[in-house]
Amino acid sequence: MLEIWFSQDERKTLKMNALIVYDSQFGNTERIAQRITSTLSEFGQARSVRVGQVHSEELQGVNMLILGCPTQGMRQTPAMQSFITSIPRELLSGLSVACFDTRFRGGFWKFSAAPSMAKQLRTMGVGLLIPPESFFVKSMKKEGPLLAGELERAASWAHVLSEKITAHQLAVKS
Ligand SMILES: Cc1cc2nc3c(=O)[nH]c(=O)nc-3n(C[C@H](O)[C@H](O)[C@H](O)COP(=O)(O)O)c2cc1C
């Protein structure tokens, strides 16, 4: 069980406003994105939107951007890559950013979408708030479903994220 570092009152004064932008072919990444969104909603504002339906102007007022993508060909999808490229640098520099992917489990797959998105962001001058994370689909089936326990792991990851963003915002405020 994760330790809670910050009180609800502390969190409320900081007003987290998270946007989760995801791609998903078979629905697995979407399910993870939804669980991250519902977990973050306990601590502030959070909404998720599919990558093809988001415009970079929607990032106005957002202070936490979470990018989620299925791994395809050991990297992010072209749609996610284009979205990242389209984010204006001046907006991006003010955001806390985190990335996750879904993929097969196993050592054979050396590369995946989340570290690749992190690399793309680094070339744009942006570091991640926490390391990229992977969630796994069952036994090499591209349609999924997700492995048992992955939605719960996504909720835990979102919880850690909410703690990090609170700590980050408190540090910026002081
Ligand atoms: C065209 C294609 C390429 C894929 N390439 C990889 C890969 O390189 N590594 C990996 O671990 N999984 C790979 N997968 C499995 C996907 O990551 C998995 O289907 C995905 O997590 C499902 O997410 P979604 O339901 O959100 O589309 C691939 C799947 C497809 C359809």
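Coordinates for the structure precede this section.
Predicted model only: the values in this text are computed from it and were never measured.

**Student:** Please explain the overall build of the protein as it appears in this structure.
**Tutor:** Scanning the protein from terminus to terminus reveals 6 helices and 5 strands. For the protein, the α and β elements follow one another from N to C terminus as α-β-α-β-β-α-α-β-α-β-α. Taken over the C-alpha trace, the protein has a radius of gyration of 15 Å; the compact-globule value for 174 residues is 16 Å, and the two agree within 12%. Each principal axis of the C-alpha atoms in the protein carries an extent, and together these give about 45 × 35 × 25 Å.

**Student:** What is the right way to read the site of the ligand from this model?
**Tutor:** Near the ligand, the surroundings consist of 20 residues, among which Phe26, Asn28, Thr29, Thr102 and Arg103 are the closest. Looking at which element gives the most residues to the shell around the ligand, the answer is helix α2 (residues 28-40), with 3 residues. For the shell around the ligand, the per-class residue count stands at 6 nonpolar, 11 polar and 3 charged.

**Student:** Would you mind showing me how to read the environment of glutamine 81 here?
**Tutor:** Note that glutamine 81 resides in helix α3 (residues 78-86). Since 18 C-beta atoms lie within 10 Å of it, glutamine 81 is described here as partly exposed. Taking C-alpha positions, glutamine 81 is 9.9 Å from leucine 121, a pair spaced 40 residues apart along the chain. Beyond its immediate sequence surroundings of up to four residues, glutamine 81 is in contact with Gln76 and Gln120.

Rules and cut-offs
- Residues numbered from 1 in each chain as written.
- Predicted model: local features only at pLDDT ≥ 70, side-chain atom pairs only at ≥ 80, totals over all residues.
- Helix = DSSP H or I, 4+ residues; strand = E, 2+ residues; numbered from the N terminus.
- Rg over C-alpha atoms; globule rule 2.2 N^0.38 Å.
- Near = placed C-beta within 6 Å.
- Nonpolar A, V, L, I, M, F, W, Y, C, P; charged D, E, K, R; others polar.
- Buried ≥ 20, exposed ≤ 12 C-beta atoms within 10 Å, placed from the backbone.
- Contact = placed C-beta atoms within 7 Å.

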